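Okay, here's what each chain looks like letter by letter:
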Amino acid sequence: MKSVRLIFTALFVALTLHASAQQPRQLPPFRFFRLDSAPFTGQDLQKGRTSVFILFDSGCDHCQKEIPAIGKQFEQLGGCSFYFISFDEPAQITAFMKTYGKDFYGKKNVVMLRDRNREFLPTFFPERFPAVFMYSPAGQLIYYRSGNQDVRSMIRAAGSVRK
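Heads up: these notes are all about the structure in this document. Bear in mind that the values here come from a model prediction, so they are computed numbers and not experimental data.

What to know about helix α2 (residues 61-71)
Thought 1: Every buried residue of α2 is listed here: Cys63, Glu66, Ile67, Ile70 and Gly71. Within α2, the buried residues cover an arc of 135° as seen down the axis, which keeps them to one side. Opposite its buried face, α2 presents the exposed residues Asp61 and Lys65, each directed more than 90 degrees away.

With respect to the nonpolar core
Thought 1: Ranked by internal contacts, the top residues of the largest apolar core, which has 26 residues, are Val52, Ile54, Ile70, Phe82, Phe84, Phe104 and Met154.
Thought 2: Of all the elements, helix α5 (residues 151-162) adds the most residues to this core, at 5 residues.
Thought 3: Once residues lying within four places of it in the same chain are set aside, the contact partners of Ile54 are Ile67, Ile70, Phe82, Tyr83, Phe84, Ile85, Ala131 and Val132.

Describing the packing of aromatic side chains
Thought 1: Inspection of every chain in the model, using the stated rule, returns 23 aromatic pairs.
Thought 2: Here the aromatic rings of Phe30 and Phe40 are separated by 6.4 Å at their centres, their planes lie at 25°, and the arrangement is stacked. Of this pair, Phe30 sits in the loop between α1 (2-20) and β1 (31-34) while Phe40 sits in strand β2 (residues 39-41), and the two are 10 residues apart along the sequence. Side by side, Phe30 and Phe40 carry an identical accessibility label, which is buried.
Thought 3: Ring centres 4.8 Å apart and planes at 65° place the aromatic pair Phe84 and Phe104 in the edge-to-face group.

With respect to unusual backbone geometry
Across the chain, the bulk of peptide bonds are trans and the bulk of non-glycine residues have phi less than zero.
Thought 1: With an omega dihedral of -20°, the bond running from Phe129 to Pro130 counts as a cis peptide bond.
Thought 2: Mapped onto the fold, Pro130 is located in the loop between α4 (120-124) and β6 (131-135).
Thought 3: A positive phi angle is found at Arg118, which is not glycine, with a value near 55°.
Thought 4: Tracing the chain through its elements places Arg118 in the loop between β5 (110-114) and α4.
Thought 5: Residue Arg118 is classed as partly exposed on the basis of its relative accessible area of 49%.

Re the pairing of β6
Thought 1: Most of β6 is tucked away: 5 of the 5 residues are buried.
Thought 2: Burial along β6 is two-sided: the residues Ala131, Phe133 and Tyr135 and Val132 and Met134 are all buried.
Thought 3: Relative to β6, strand β3 (residues 50-55) is paired through 5 bridges, and the arrangement is antiparallel. Within β6, the residue paired with Ser51 across the bridge is Tyr135.
Thought 4: When β6 meets strand β7 (residues 141-146), the two strands line up antiparallel, connected through 5 bridges. Bridge pairing in β7 links Ala131 to Ser146.
Thought 5: Hairpin connection, β6 to β7: the antiparallel pair is bridged by 5 residues, and Gly139 has positive phi, about 85°.

Basis of the calculations
Residues numbered from 1 in each chain as written. Predicted model: local features only at pLDDT ≥ 70, side-chain atom pairs only at ≥ 80, totals over all residues. Heavy atoms only, no water. Buried < 20%, exposed > 50% of the residue type's maximum accessible area, 1.4 Å probe, protein only. Helix = DSSP H or I, 4+ residues; strand = E, 2+ residues; numbered from the N terminus. Arc of directions from axis to C-beta. Core = buried A, V, L, I, M, F, W, Y, C linked by side-chain atoms within 4.5 Å. Contact = heavy atoms within 4.5 Å. Phe/Tyr/Trp six-rings, centres within 6.5 Å; stacked < 30°, edge-to-face > 60°. Pairing = 2+ DSSP bridges.

Put into C-alpha cells, the structure is as follows:
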C-alpha cells in the first residue's frame with residue numbers, strides 16, 4: 001500500500017510540474033521596466049493590437065541571428081506591437097537593438113523592456129532564447145516559439161488575427 005501511494009504521489013508531482021511549465025494561454029499579469037526604469041505592465045500595452053513579446057539575451061548567438069530575420073519581415077508584422085524583453089542592463093539592450101534589431105529600433109510600436117526582477121521565466125515559461133510569444137488583442141496566445149524562429153508561421157499567426 002505504501003508503494004502504491006508513493007507511485008501516485010510521484011505521478012501527481014510529475015503531472016503538476018508538467019502542467020505548470022506550459023506557456024500561458026491567456027496573457028498573464030507582468031511587471032517589467034522601460035529602459036528609463038519606469039514600470040511597464042499589461043495596462044501599458046497598446047490596445048487593440050496583437051502583442052509580440054520577444055525574450056532575448058544580448059550575448060545569445062541565436063538571438064543575434066533570429067532578431068534580424070524577424071526584423072526583415074517587420075512590414076508584414078507591422079500591425080503588431082513588439083515588446084523586447086531582456087535581463088541585460090539598459091546600455092546592453094540598446095546596443096543589441098541598434099546592432100541586431102535595426103528594423104525595430106525607434107519604431108512607435110516597439111518597446112524595449114528590462115526584466116530586472118526576473119519575472120519572465122516563471123511567468124511565461126520559455127524554453128530557450130530567443131522566445132517569442134504572440135498574444136491576440138483579447139490576450140489569447142496565438143503563437144509561441146523558443147529558439148530558432150519560423151518567421152512564416154509568425155506572419156500567418158499575425159494574419160489570422162487581422163482576418
